[in-house]
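Here is what each chain is made of, one letter per residue.
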Amino acid sequence: MRSALGRTATILAVVIVAGLSVPPLIVLVVQAWLGRSAPTVPASRLVELLGNTLVLTALVVVVSTVLGTATALLTRRTSLPGRRVWSVLVCVPLVLPAYVFAVALSGMLGGGGVLTGWLAPFGVDRLPPATGLWAATACLAIVGVPIVHTLVGAALARQDPALRDSARLLGDGPIRVFARVTLPHLRGTLALAGCVVALYVVSDFGAVSMLRYDTFTRAVYAQFRGRVDLAPAFALCGVLVLVALALIVAQVVLRGRERAVAARARRMAPAATGRGVALAGTALLAVVVLCSTVLPLATLATWAARGLANGVQPGPVLAEAGNALYFALLAGAVTTALAVPVALVARGRSPLARILDGLPWVTHSLPHLAVGLAVLVLSLAGPRALYQSTTTLVLAYAVLFLPLALGPLVIALRRIDQRLIEVSRTLGDGPARTGLRVVAPLVRRSALVGAALVFFAALHELPVTLLLRPTGSETLAIRVWGAIVEGQYTTASIAALLMVALSVPLLALHERSAARAALSA
């Protein structure tokens, strides 16, 4: 594989990572150093905020990993009725930003919440308000579960069924097969998924703010807001860089070495499920979908219907939907294309490979407003045509979301059997032909997973879009946030529902391609 990559892939990988991740980091580090003596928050308060952030991160990662893995196993490995539909429904929260779920959660609960009104005939006159640690955990886990579900589902589709069959021939039951065969196979994927979810939680601001849970990111945004001197905020960002580095190192250690899989393993037949297992699995999926999709969307639909009935005008949401779809599709395609040469080098174990694999995660973990400001500073220093251009916006998305495309590709590449590359080269195929005929088919599924994750992340990205979008190019995320801040819940609900309407067909296509990949494996 190393001969197939050659110097060209290495040079491209270094240029891409150096061009995307290093310049914003340099701006942030320089600003943090200049603001190291600036007054920020007391040390005791800083420790409290950091502790709150780490507790929230741990809870969300645990909940998301358990539920996401369970839903992936149920929809990929069992003969559960309607498992493809369940898989699409589990992934619906990917298309909405966490702050929308925070608003929906607040609107459902409390004394005057929508869910409270629905339960009133049953004697429930008040539900606890959605605030604090439990609410923030529930809200962010709603977004984390489909991330884990998507990545684990892709990993399960790649597993060689011969390993499971061998374990069963040796007398292992289903639980022992899962512990000895499936779980070790998922080790790298679970580490990657946990890191993605953890960094998402660390960098989140909107959801924790609306749910009134103090985290470190809120302190950073408080330093940004309404200040001319941004040195204190950049100084606090330096702490988040250290947190990100710790998470990245933990992910690398937990991921370990990926095991190669057969190139043409036969399809793994779904395990037959008894009536009890089918009922329990359906109940679990129903509860996950009810809490993460049905109730939040029903709340948004209720607000939208009430507002439209009262004559509220939602504004130019269709034009904003077109802009959002255009930017997100560009981000998914460009970021995945940039991730390919980086992944080819990062799959190795050299120090350079580890740097190329880890550096993009650092920028991914930072508050998006900080990264957006850094890119804005760089665009102002560059050619005039780059300022508030589509090119700058898409590159900023690539800076933030490159790890989402890179992670699945690296895992897939590490699982390729080296003998396949050697056979191809023995038959006279050059590096390019080997890549197209051998490598590309084996990583296509993972590339689609990464592109989908980037698409959905870019679709609801707010701070970077606000700062860098071309003049007059509003998006649905901007409309949702602005309407929420101004208390226009009808407009916010309609825009959020439109985001779902745009994304569900893509989710269905993604699920269909996953099913075909499993059938052709």
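Keep in mind it's a predicted model, so treat the numbers as computed, not measured.

Rules and cut-offs
- Residues numbered from 1 in each chain as written.
- Predicted model: local features only at pLDDT ≥ 70, side-chain atom pairs only at ≥ 80, totals over all residues.
- Heavy atoms only, no water.
- Helix = DSSP H or I, 4+ residues; strand = E, 2+ residues; numbered from the N terminus.
- Buried < 20%, exposed > 50% of the residue type's maximum accessible area, 1.4 Å probe, protein only.
- Areas by Shrake-Rupley, 256 points an atom, 1.4 Å probe, with all protein chains shown as cover.
- Phe/Tyr/Trp six-rings, centres within 6.5 Å; stacked < 30°, edge-to-face > 60°.
- Salt bridge = Lys/Arg side-chain N within 4 Å of Asp/Glu carboxyl O.
- Contact = heavy atoms within 4.5 Å.
- Core = buried A, V, L, I, M, F, W, Y, C linked by side-chain atoms within 4.5 Å.
- Axes fitted to C-alpha atoms, helices over the stretch in contact; angles between N-to-C directions.
- Parallel < 35°, antiparallel > 145°, perpendicular 65-115°, else oblique.
- Left-handed = near helix turned anticlockwise from the far one by under 90°.
- Polar contact = N/O pair within 3.5 Å; in protein donor to acceptor, adjacent residues only side chain to side chain.
- pLDDT = per-residue confidence, 0-100.

Thoughts on the overall build of the protein
Then, in step 1: Across its full length, the protein carries 23 helices and zero strands.
Then, in step 2: Burial status across the protein gives 55% buried among its 521 residues.
Then, in step 3: For the protein, the computed accessible surface area is about 22,100 Å², with 67% contributed by carbon and sulfur atoms.

Observations concerning the packing of aromatic side chains
Then, in step 1: One pass over the structure, following the stated rule, counts three aromatic pairs.
Then, in step 2: Note on Y326 and F327: the rings are 5.7 Å apart at their centroids and 50 degrees apart in plane angle, and the pair reads as tilted.
Then, in step 3: The class of Y326 is partly exposed, set by a relative accessible area of 47%.
Then, in step 4: Judged by centre distance (5.2 Å) and plane angle (80 degrees), the rings of F455 and F456 are edge-to-face.

Concerning the pattern of salt bridges
Then, in step 1: Under the defined criterion, the tally for this structure stands at two salt bridges.
Then, in step 2: One salt bridge in this structure joins E320 and R479, with 2.7 Å as the shortest N-O distance. You can see E320 sitting in helix α15 (residues 317–346) and its partner R479 sitting in helix α22 (residues 476–485), a full 159 residues away along the chain.
Then, in step 3: Exposure remark for E320: the relative accessible area of 4% places this residue in the buried category.
Then, in step 4: Here R469 ties to E474 by a salt bridge, and the two come within 3.2 Å at their closest N and O atoms.
Then, in step 5: Its relative accessible area of 25% is what places E474 among the partly exposed residues.

Brief notes about the environment of A9
Then, in step 1: Residue position: A9 is located in helix α1 (residues 2–20).
Then, in step 2: Since its relative accessible area comes to 9%, A9 is described here as buried.
Then, in step 3: Taking the C-alpha atoms as reference points, A9 and V345, 336 residues apart in sequence, are found 7.0 Å from one another.
Then, in step 4: Residue contacts for A9: discarding those within four places in its chain leaves P341 and V345.

Digging into the environment of R7
Then, in step 1: Turning to its location among the elements, R7 is positioned in helix α1.
Then, in step 2: C-alpha of R7 to C-alpha of V345: the two residues are 338 residues apart in sequence and 9.9 Å apart in space.

Points about the side chain of T215
Then, in step 1: With respect to the element layout, T215 can be found in the loop between α11 (206–210) and α12 (216–224).
Then, in step 2: What makes T215 buried here is its relative accessible area of 3%.
Then, in step 3: Not counting chain neighbours up to four residues away, the residues in contact with T215 comprise L49, T53, L56 and V208.

A look at the nonpolar core
Within soluble globular proteins, side chains that are nonpolar tend to cluster in buried spots.
Then, in step 1: Counting 142 residues, the largest nonpolar core has L56, L96, L140, Y397, F401, L476 and V480 as its most contacted members.
Then, in step 2: Here the element with the most residues in this core is helix α18 (residues 390–414); it accounts for 16 residues.
Then, in step 3: Excluding residues that lie within four positions of it along the chain, L96 makes contacts with F101, L297, L300, H460, A496, M499 and V500.
Then, in step 4: Core analysis: the next-biggest nonpolar cluster, separate from the first, contains nine residues, V90, V145, A278 and L285 among them.

A few points about the packing of helix α4 (residues 83–91) against helix α14 (residues 275–309)
Then, in step 1: Contact geometry of α4 with α14 gives a least axis separation of 9 Å together with a crossing angle of 30 degrees. In this view, α4 runs roughly parallel relative to α14, as classed from their interaxial angle. The interaxial crossing formed by α4 with α14 has left-handed handedness. Contacts between α4 and α14 involve W86, L89 and V90 from the first element and T282, L285, A286, V289 and T293 from the second.

Remarks on helix α5 (residues 98–108)
Then, in step 1: Burial analysis of α5 places ten of its eleven residues in the buried class, the great majority of the element.
Then, in step 2: Every buried residue belonging to α5 is among A98, Y99, V100, F101, A102, V103, A104, L105, G107 and M108, and all of these are buried.

Section: the side chain of T335
Then, in step 1: One can find T335 in helix α15.
Then, in step 2: A relative accessible area of 0% means that T335 is categorised as buried.
Then, in step 3: A distance of 2.7 Å separates a polar atom in the side chain of T335 from the backbone oxygen of A331.
Then, in step 4: Sequence-distant contacts of T335, defined by excluding residues within four places in its chain, comprise Y397, A398, F401, L402, A405 and V454.

Re unusual backbone geometry
Then, in step 1: Phi at R212 takes a positive value of approximately 55 degrees, unusual for a residue other than glycine.
Then, in step 2: Summarising the element assignment, R212 is placed in the loop between α11 and α12.
Then, in step 3: A relative accessible area of 58% places R212 in the exposed class.
Then, in step 4: Positive phi is not limited to glycine here, since Q388 has a value of about 50 degrees.
Then, in step 5: With respect to the helices, strands and loops of the structure, Q388 is situated in the loop between α17 (368–381) and α18.
Then, in step 6: Judged by relative accessible area, which is 28%, Q388 ranks as partly exposed.

Overview of the confidence of the model for the protein
Then, in step 1: Per-residue confidence for the protein gives a mean pLDDT of 78, with 78% of residues at or over 70.
Then, in step 2: Helix α8 (residues 161–169) is the least confidently modelled element of the protein, averaging 60 in pLDDT, while helix α3 (residues 43–77) averages 89, the highest of any element.
Then, in step 3: Taken together, the stretch residues 1–5 has pLDDT below 50 and engages in 13 contacts with residues farther than four places along the chain or on a different chain.
Then, in step 4: This stretch, residues 262–266, has a pLDDT under 50; its non-local contacts, to residues over four places away or in other chains, come to eleven contacts.

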